[in-house]
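Residue strings, one per chain:
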Amino acid sequence: MSVTFAQGFSAAGVQAGISAVAGKKDLALVVNNGPLDAAAGVFTSNRFCAAPVQWSRGIVADGHVKAVILNSGGANACTGEAGYAQSKATAEKVASLVGVESDRVAVCSTGLIGELLPLDHVLDGAEKAYAALADTADAGADASHAIMTTDTKPKTVELTGTTGWKIGGMVKGSGMIAPQLATMLCVITTDAVVSAGQLQAALTVAAEHSFNRIDVDGCMSTNDTVLLLASGASGVEPDKDEFNDLVRQACASLARQIIGDGEGASHDIRITVTGATSEEAALACGRAVAASNLLKCAISGNDPNWGRIVSSLGTVPEDVAPYDADKVTVDVNGVRICENGGAGRDRSEVDMTPREVHIDIDLNTGSDACATVWTDDLTHEYVHINADYES
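Nothing here was measured: the structure is a model prediction, and the numbers come from that model. (Residues numbered from 1 in each chain as written. Predicted model: local features only at pLDDT ≥ 70, side-chain atom pairs only at ≥ 80, totals over all residues. Heavy atoms only, no water.)

1. Considering the environment of V205
Relative to the elements of secondary structure, V205 occurs in helix α5 (residues 196-208). With relative accessibility at 41%, the residue V205 sits in the partly exposed group. (Helix = DSSP H or I, 4+ residues; strand = E, 2+ residues; numbered from the N terminus. Buried < 20%, exposed > 50% of the residue type's maximum accessible area, 1.4 Å probe, protein only.)

Below, the structure written as structure tokens:
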């Protein structure tokens, strides 16, 4: 049911003629029917952040969002004042339909950078989506399809708390995925009775341990947006720790689904670094390995090339991650192919046929801090997708 799984939310996904892909649903609308309209958000840190990010960041700042309109088919990024005016006009249109002020409407866009949207199509699509709003599973599914670009499948999550309150969510993302969010639009809904402050605290931590720890191709987007909305429709005030945990589970599930649908990927790669002096050190090491295009290409060819792992690991400055290179071990799919900084078992012993590849790095510093990063391999198909990208 995606974003309609939680009580108090209706959604729609329609074809508005924004996308260059003929017949594609390309505009989604999510409305919070209350009684609460609490909201939180995290956004891209890219300095060329898109007009809808600029608009929505300001809207979410006061902790209240009544509706979210999302389009695929165009990012409305690097479009200057005209692009911001489009986001504002879109919010005003939705506000007039829903019956709220425009400062209660968030706007999200994804697609090709550098071009204005066909605004007439967006506004007409908003009317069409408003007319189609429903709280059904089909409506939630339509919305999750409408935000897809190079995604091959929708990505959704549904979770239920012990006292009956619910979380639902949807995300799009397949390429241009790197730490500090990804090329993603994400809306997560809950019918729990929670404040905007609690939502923001939960989302910030959850995003840091999920969306900020995936990397398909090392490229940060201009449009990344994650919104968490609460309707309070269940009437249940959840246990704070359980609520935080389920938000984290929801984000982790959606982030993992992005990796599972990485553009052209044939392997999902889990990199876990243990034995670090701190979590920050472990994370820096994991990210350095995940960023290696040489390693990604090797994995695509079913080659567990441990030299490419340790050479990337060695780029992390000593003051960020202190360790002795002569004590590092590397296991790939359970086979120790690097022992004490040198050759271990022959890499031909590693079974590379599973979709998941597990790289376990132990820095052996005597401390037990750890972190995990997920990435994908790079294939010929990735090049084809991005050499002829249409949104």
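2. Structural notes on the environment of K327
Topologically, K327 is positioned in the loop between α9 (306-313) and β12 (329-332). Judged by its relative accessible area of 44%, K327 falls in the partly exposed class. Separated by 162 residues in sequence, K327 and W165 place their C-alpha atoms 48 Å apart. If near-sequence neighbours (up to four positions away) are discounted, K327 is found in contact with N340, D362, L363 and N364. (Contact = heavy atoms within 4.5 Å.)

3. A look at the nonpolar core
Grouped together as the largest cluster of nonpolar side chains are 44 residues, with contacts concentrated most on L27, V65, V68, L70, M170, L227 and L229. If one sorts the elements of this core by residue count, strand β2 (residues 27-32) sits on top with five residues. In contact with V65, other than residues within four places in its own chain, are N32, D37, A39, I59, V60, R104, A106 and L229. (Core = buried A, V, L, I, M, F, W, Y, C linked by side-chain atoms within 4.5 Å.)

4. Quick notes on the sheet that holds strand β1 (residues 9-14)
Spatially, β1-β2-β4-β5 is the arrangement adopted by the four strands of the open sheet, whose pairing is mixed. Every other strand in the sheet has two partners, leaving β1 and β5 (105-109) as the edge strands with one partner each. Averaged over all neighbouring strand pairs, the angle between strand axes comes to 10 degrees, with direction disregarded. As judged from the six bridges shared by β1 and β2, these two strands associate in the antiparallel manner. Along β2, the bridge assignment pairs A11 with V30. (Pairing = 2+ DSSP bridges. Axes fitted to C-alpha atoms, helices over the stretch in contact; angles between N-to-C directions.)

5. Examining α9
Listed as buried for α9 are W306, I309, S312 and L313. End-on, the buried residues of α9 take up no more than an arc of 130 degrees, which puts them together on one face. Contact partners of the buried residues in α9: α7 (279-290), α8 (293-300), β12, β13 (335-339), β14 (342-343) and β15 (356-362). The N-terminus of α9 is capped by N305, whose side-chain oxygen sits 3.1 Å from the backbone nitrogen of G307. (Arc of directions from axis to C-beta. Polar contact = N/O pair within 3.5 Å; in protein donor to acceptor, adjacent residues only side chain to side chain.)

6. Overview of unusual backbone geometry
Of the consecutive residues G34 and P35, the connecting peptide bond is found in the cis state with omega at 20 degrees. Position of P35 relative to the elements: it lies in the loop between β2 and β3 (38-43). Here C78, not a glycine, exhibits a phi torsion of approximately 60 degrees, which is positive. Even without being a glycine, N333 presents a positive backbone phi close to 50 degrees. If you trace the backbone, N333 turns up in the loop between β12 and β13.

7. Things to note about the packing of aromatic side chains
Tallying each qualifying case throughout the model produces two aromatic pairs. Residue placement shows K166 over the ring face of F5; its charged tip is 4.8 Å from the ring centre. Its guanidinium or amino end placed over the ring of W374, R256 lies 4.1 Å from that ring's centre, counting from NZ or CZ. (Phe/Tyr/Trp six-rings, centres within 6.5 Å; stacked < 30°, edge-to-face > 60°. Lys NZ or Arg CZ within 6 Å of the ring centre and 35° of its normal.)

8. As for the pairing of strand β7 (residues 166-172)
Summarising burial for β7: six of the seven residues are buried, a large majority. Sheet topology note: the strand β6 (residues 155-160)/β7 ladder contains six bridges and is antiparallel. Each residue of the ladder has a partner; that of K155, found in β7, is V171. Where β6 folds back onto β7 in an antiparallel hairpin, the turn is made up of five residues, including G164, whose phi is positive at roughly 100 degrees. With six bridges joining them, β7 and strand β8 (residues 185-190) adopt antiparallel strand pairing. Note on β8: the bridge partner recorded for I167 is T190.

9. Quick notes on the pattern of salt bridges
Using the criterion set out here, one finds 15 salt bridges in the structure. The salt bridge involving E356 is made with R256; its shortest N-O contact spans 2.8 Å. Remark: R256 occurs in helix α6 (residues 240-260) and E356 occurs in strand β15; sequence separation between them is 100 residues. The exposure class assigned to R256 is partly exposed, which follows from its relative accessible area of 22%. (Salt bridge = Lys/Arg side-chain N within 4 Å of Asp/Glu carboxyl O.)

10. Brief notes about helix α1 (residues 51-60)
Within α1, seven of the ten residues are buried, which leaves the element mostly enclosed by the surrounding structure. Those residues of α1 that fall on the buried side of the exposure criterion are A51, P52, V53, W55, S56, I59 and V60. Residues of α1 that are buried sit in contact with β3, α2 (80-98), β5 and β10 (225-230).

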